[in-house]
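One-letter residues, chain by chain:
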Amino acid sequence: MIQEAVAAADTWDAAVVRILKANKVSLVTYVPDKVLAPLIRRLHADEYFTVINPAREEEAVGIVSGAYLAGVRGIVLMQTSGFATLPNVLASLALPFQIPLLMMVSERGTLGDHQLGQAIVCSTLRPILEALRIEHFAIERREDLEFVADRMIQQAFATQAPAAMILSPLLTNRAGAPA
């Protein structure tokens, strides 16, 4: 009961850090995103993680893929528009070489995000994942975060396949943070 109360009281970003540690995911690559900023700050502050900020999402995928081949578990953090740059590297690297590439995508371009470019790219996220047959799930509620993220990470490594956890604004902006 106490553990449930603590889990409900802590923030989504604190829960993600805990889940990554529990699954031995120690390498984090990211391209800056204001929605993911609280998580990125936590990761930088925690000595458990090696945190790398490459220039582009494709580089982040390359770093995490190479680390996996060396026995290190990693994840790529990005926003929706960053994901739009990845179909080629996913189809030519992660999928054919069975790399369990973990992706955490902050969903932009929906629910009040009125940037036209974000909205257009957002409409392509799920169709691209489906076309590539990449497991994905949108996490909308804090109470679902730990179960979904934990199971998706475990499944990615068990099946040696990429997986995308989509962080809905319903999860990341509930506390009133701007989109």
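Right above here is the structure, for reference.
Bear in mind the structure is a predicted one, so any value in this text is a computation, not a measurement.

Q: I'd like to hear about the overall build of the protein chain, residue by residue, with values.
A: Along the backbone of the protein chain there are nine helices and six strands. Counting the 179 residues in the protein chain, one finds 48% classified as buried. Pairs at least 24 residues apart make up 75% of the contacts formed inside the protein chain by residues separated by at least 6 positions. When the accessible area of the protein chain is evaluated, it comes to approximately 8700 Å², of which 57% is carbon and sulfur surface.

Q: Which residues make up the pattern of salt bridges, and what are the values?
A: Applying the stated criterion across every chain yields a total of twelve salt bridges. For D10, the salt bridge goes to R142, with nearest N and O atoms at 2.5 Å. Taken as a pair, D10 in the loop between α1 (2-9) and α2 (12-22) and R142 in helix α8 (residues 142-159) lie far apart in primary sequence, 132 residues in all. Each member of the pair, D10 as well as R142, is classed as buried.

Q: Outline the packing of α2 against helix α3 (residues 37-45), listing residues and values.
A: Closest axis-to-axis distance for the α2/α3 pair is 9 Å, and the angle between their directions is 45 degrees. The orientation of α2 relative to α3 falls into the category oblique. Once α2 is placed against α3, the crossing between them reads as right-handed. Residues W12, D13, A14, V16, V17 and L20 of α2 pack against P38, L39, R42 and L43 of α3.

Q: Outline the sheet that holds strand β2 (residues 50-52), listing residues and values.
A: Sheet architecture is open: six strands sit in the order β2-β1-β3-β4-β6-β5, paired in parallel fashion. Among the strands making up the open sheet, the edge pair consists of β2 and β5 (135-139). Adjacent strand axes in the sheet meet at a mean angle of 20 degrees, parallel and antiparallel pairs treated alike. The pairing of strand β4 (residues 102-106) with strand β6 (residues 163-167) spans five bridges and is parallel. In the strand pairing of β6, V105 is matched with I166.

Q: Let's hear about the environment of I153: which residues, and what values?
A: Along the polypeptide, I153 turns up in helix α8. Residue I153 is classed as buried on the basis of its relative accessible area of 1%. Taking the C-alpha atoms as reference points, I153 and L101, 52 residues apart in sequence, are found 9.3 Å from one another. Setting aside residues up to four positions removed in sequence, I153 forms contacts with I19, L20, N23, V25, L102 and M165.

Q: Lay out the pairing of β5 with the relevant residues and their values.
A: The pairing of β5 with β6 spans five bridges and is classified as parallel. For F137, the partnering residue across the bridge sits in β6 and is M165. Tracing the backbone out of β5, into α8 and back to the parallel element β6 gives a crossover that is right-handed.

Thresholds, definitions, all that
- Residues numbered from 1 in each chain as written.
- Predicted model: local features only at pLDDT ≥ 70, side-chain atom pairs only at ≥ 80, totals over all residues.
- Heavy atoms only, no water.
- Helix = DSSP H or I, 4+ residues; strand = E, 2+ residues; numbered from the N terminus.
- Buried < 20%, exposed > 50% of the residue type's maximum accessible area, 1.4 Å probe, protein only.
- Contact = heavy atoms within 4.5 Å.
- Areas by Shrake-Rupley, 256 points an atom, 1.4 Å probe, with all protein chains shown as cover.
- Salt bridge = Lys/Arg side-chain N within 4 Å of Asp/Glu carboxyl O.
- Axes fitted to C-alpha atoms, helices over the stretch in contact; angles between N-to-C directions.
- Parallel < 35°, antiparallel > 145°, perpendicular 65-115°, else oblique.
- Left-handed = near helix turned anticlockwise from the far one by under 90°.
- Pairing = 2+ DSSP bridges.
- Right-handed = clockwise from strand over helix to strand, strands pointing away.

These figures capture arrangement, not role.
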